[in-house]
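One-letter residues, chain by chain:
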Amino acid sequence: MEETLEQKKRRLFGKQYLTKYIDVVKKITTQQENNEIRLLSITETDKLIVKENTLKLIFSTKILFNNKLDLKKIILEKVNTNDKIYLFTSLSQHCGAVVLESITEFNFNFNFGDDPSGIISLLSFKVDKKILLDFYEEEGIKYIEIEYYH
């Protein structure tokens, strides 16, 4: 698929955020070297976004942000550890989604400030399952809302 003018603008605009994006990815994954981080093109990322928008919300829960054992348990119940997944943050639309070889490359112990947008999305390689992590602070208490789409 050829890149549209709008996609080209986003890609060029996203270059200014690429270093910041890579820093966020390094904090929320186990990929620590730039050559380990595999970014998809904007056109490939857009195809995934179109497909993922057809998924329906199946499950939603809210836990305390520091309850990482429950976070890991909930995610591992929904995702096959042998499958590749796509990782999205707010900057993925401009910089490209990240390919993880397995959910084991996701850093379940990420810190609250590691992704300032507060939204991380994990999409199965078959684009038939998605987990959306929305973390925020309410009245001084930090939470993660976990949504599962299928």
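Residues numbered from 1 in each chain as written. Predicted model: local features only at pLDDT ≥ 70, side-chain atom pairs only at ≥ 80, totals over all residues. Heavy atoms only, no water.

1. Examining the overall build of the protein chain
Logical step 1: Scanning the protein chain from terminus to terminus reveals 5 helices and 7 strands.
Logical step 2: Its helices and strands in sequence order give the protein chain the pattern α-α-β-α-β-α-β-α-β-β-β-β, from N to C terminus.
Logical step 3: A compact globule built from 150 residues would reach a C-alpha radius of gyration of about 15 Å, and the protein chain, at 15 Å, matches this within 12%.
Logical step 4: Once the C-alpha set of the protein chain is aligned to its principal axes, its extents read approximately 40 × 30 × 30 Å.
Logical step 5: For the protein chain, the proportion of its 150 residues judged to be buried stands at 44%.
Logical step 6: In the protein chain, the share of contacts with a sequence separation of at least 24, taken over all contacts with a separation of at least 6, comes to 66%.
Logical step 7: Surface accessibility of the protein chain: about 8400 Å² in total, with carbon and sulfur atoms responsible for 49%.
Logical step 8: For the protein chain, the distance from the average site of its 22 positive side-chain charges to the average site of its 23 negative ones is 4 Å. (Helix = DSSP H or I, 4+ residues; strand = E, 2+ residues; numbered from the N terminus. Rg over C-alpha atoms; globule rule 2.2 N^0.38 Å. Buried < 20%, exposed > 50% of the residue type's maximum accessible area, 1.4 Å probe, protein only. Contact = heavy atoms within 4.5 Å. Areas by Shrake-Rupley, 256 points an atom, 1.4 Å probe, with all protein chains shown as cover. Lys, Arg positive; Asp, Glu negative; His and termini not counted. Charge placed at Lys NZ, Arg CZ, Asp CG, Glu CD.)

2. A closer look at the packing of aromatic side chains
Logical step 1: For the structure on display, the rule yields 9 aromatic pairs.
Logical step 2: Seen from their ring centres, Phe106 and Phe110 are 5.9 Å apart, and the 65 degrees between their planes marks the pair as edge-to-face.
Logical step 3: For Phe106, a relative accessible area of 2% puts it in the buried group.
Logical step 4: Taken together, Phe65, Phe106, Phe108, Phe110, Phe112 and Phe135 form an aromatic cluster joined through their ring pairs.
Logical step 5: Across the ring face of Tyr148, the terminal group of Lys78 is positioned such that the distance to the ring centre comes to 5.0 Å.
Logical step 6: Over the ring of Phe112 we find Lys142, and its NZ or CZ is 4.8 Å from the ring centre. (Phe/Tyr/Trp six-rings, centres within 6.5 Å; stacked < 30°, edge-to-face > 60°. Lys NZ or Arg CZ within 6 Å of the ring centre and 35° of its normal.)

3. As for the sheet that holds strand 5 (residues 119-124)
Logical step 1: The 7 strands are arranged 1-4-3-5-6-7-2 in an open sheet whose pairing can be described as antiparallel. In the strand order of this sheet, the two ends are held by strand 1 (38-39) and strand 2 (57-64), each with one partner.
Logical step 2: The pairing of strand 2 with strand 7 (residues 141-149) spans 7 bridges and is classified as antiparallel. From the neighbouring strand, Ser60 faces strand 7, where its bridge partner is Glu147.
Logical step 3: Where helix 3 (residues 42-52) meets the sheet, it contacts strand 3 (85-88), strand 5 and strand 6 (130-138), and its direction lies at approximately 95 degrees from that of strand 3. (Pairing = 2+ DSSP bridges. Axes fitted to C-alpha atoms, helices over the stretch in contact; angles between N-to-C directions.)

These results come straight from atomic positions and should not be treated as a statement about function.
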